[in-house]
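Results of the structural survey
Each chain, written out:
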Amino acid sequence: MKADIYDFDRTVIPFDSGSRFAIYCILRHPLLFLLLPYYFADALLLLFRIISLNSFKKHIFIFVRFINLEKNVKGFWDRYEKYVYPWARKESRERPAIVISASPDFLLEEIQKRLGFEYLICTRHDRKTGTLLYKNCRGEEKVRRFNELFTDEKPEIECVYSDSIKNDRPIFSLGKHCFHVHSDGSKEEFVFDEMYP
């Protein structure tokens, strides 16, 4: 099977879906504002490298325990699905799509259904508490999770799309063609060995 790999945030859409979803929920549920001091303290600890990104992400979605998650996720994508870049929509894709993202599973599974992505690999969270269950799906973890999903017969990866040349070298290494996605949604092909000598 031939397939393409897509990062999601700032690649398929022009923003970070996890943080945008958090803001969306906080604005619709005023009681969640009570969590802001907690988030501010956590952000400072991350900034000064007292805690890791994994530790930070273990707690960032704790607000989901106070809301109707399914209803809010659907409402979020009802509002923001229109921002998906046209070239990433099903009718524009040439091959099966494998989305590999650090964003939470409870958020991306809904948009996967809407956009028809054949495979989704993302960060796993407890849907009742929002707590991170495993490692953040980032960097080398993306490739590990890819290999975990395709244990028997690995797809032949034609193209890899991502906004992050710095962080997504591991998934770029899987494809024949690498595309850097710019903030305006345009794609620029580059040669892996020239970008990462």
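Use the structure listed above.
In this report, the structure presented in the accompanying data block is examined. All values reported here derive from a predicted model rather than from experimental measurement.

So, how was this worked out
Residues numbered from 1 in each chain as written. Predicted model: local features only at pLDDT ≥ 70, side-chain atom pairs only at ≥ 80, totals over all residues. Heavy atoms only, no water. Axes fitted to C-alpha atoms, helices over the stretch in contact; angles between N-to-C directions. Helix = DSSP H or I, 4+ residues; strand = E, 2+ residues; numbered from the N terminus. Parallel < 35°, antiparallel > 145°, perpendicular 65-115°, else oblique. Contact = heavy atoms within 4.5 Å. Core = buried A, V, L, I, M, F, W, Y, C linked by side-chain atoms within 4.5 Å. Buried < 20%, exposed > 50% of the residue type's maximum accessible area, 1.4 Å probe, protein only. Pairing = 2+ DSSP bridges. Salt bridge = Lys/Arg side-chain N within 4 Å of Asp/Glu carboxyl O.

A word on the packing of helix α1 (residues 17-28) against helix α5 (residues 105-115)
At their nearest, the axes of α1 and α5 sit 10 Å apart, and the two run at 100° to each other. Considered as vectors, α1 and α5 are oriented roughly perpendicular to each other. Packed against α1, whose contacting residues are Ser 17, Gly 18 and Phe 21, the element α5 presents Phe 106, Leu 107 and Leu 108 at the interface.

Focus on the nonpolar core
Soluble globular proteins: nonpolar side chains tend toward being buried together. With 42 residues, the main nonpolar core has Phe 8, Val 12, Phe 21, Phe 63, Phe 76, Trp 77 and Phe 106 as its most contacted residues. Taken together, the elements giving at least two residues each to this core come down to α1, α4 (69-80), β2 (97-104), α5, β4 (156-162) and β5 (177-181). Residue contacts for Phe 106: discarding those within four places in its chain leaves Phe 21, Phe 61, Val 64, Leu 69, Val 73, His 125 and Arg 127. Counting 16 residues, the second largest nonpolar core, distinct from the first, contains Ile 5, Ile 171, Phe 172 and Tyr 196.

A look at the pairing of β5
Two faces belong to every sheet, and in a regular strand the side chains alternate between them. Here β5 lies mainly inside the structure; four of its five residues are buried. Sheet analysis places β4 next to β5, joined by four bridges and oriented parallel. Bridge pairing in β5 links Tyr 161 to Phe 179. Strand direction decides the pairing type here: β5 and strand β6 (residues 187-190), joined by four bridges, are antiparallel.

Section: the pattern of salt bridges
Scanning all chains against the criterion turns up 16 salt bridges. Its salt-bridge partner being Lys 142, residue Asp 7 comes within 3.1 Å of it at the nearest N-O pair. Of this pair, Asp 7 sits in the loop between β1 (2-6) and α1 while Lys 142 sits in helix α6 (residues 140-149), and the two are 135 residues apart along the sequence. Here Asp 7 matches Lys 142 in class, with each residue buried. In this structure, the salt-bridge partner of Asp 168 is Lys 142, at a minimum N-O distance of 3.0 Å. You can see Asp 168 sitting in the loop between β4 and α7 (169-172) and its partner Lys 142 sitting in helix α6, a full 26 residues away along the chain. By the burial criterion, Asp 168 is buried, and Lys 142 matches it. Linked through salt bridges whose partners overlap, the residues forming this network are Arg 124, Glu 141, Arg 144, Arg 145 and Glu 148.

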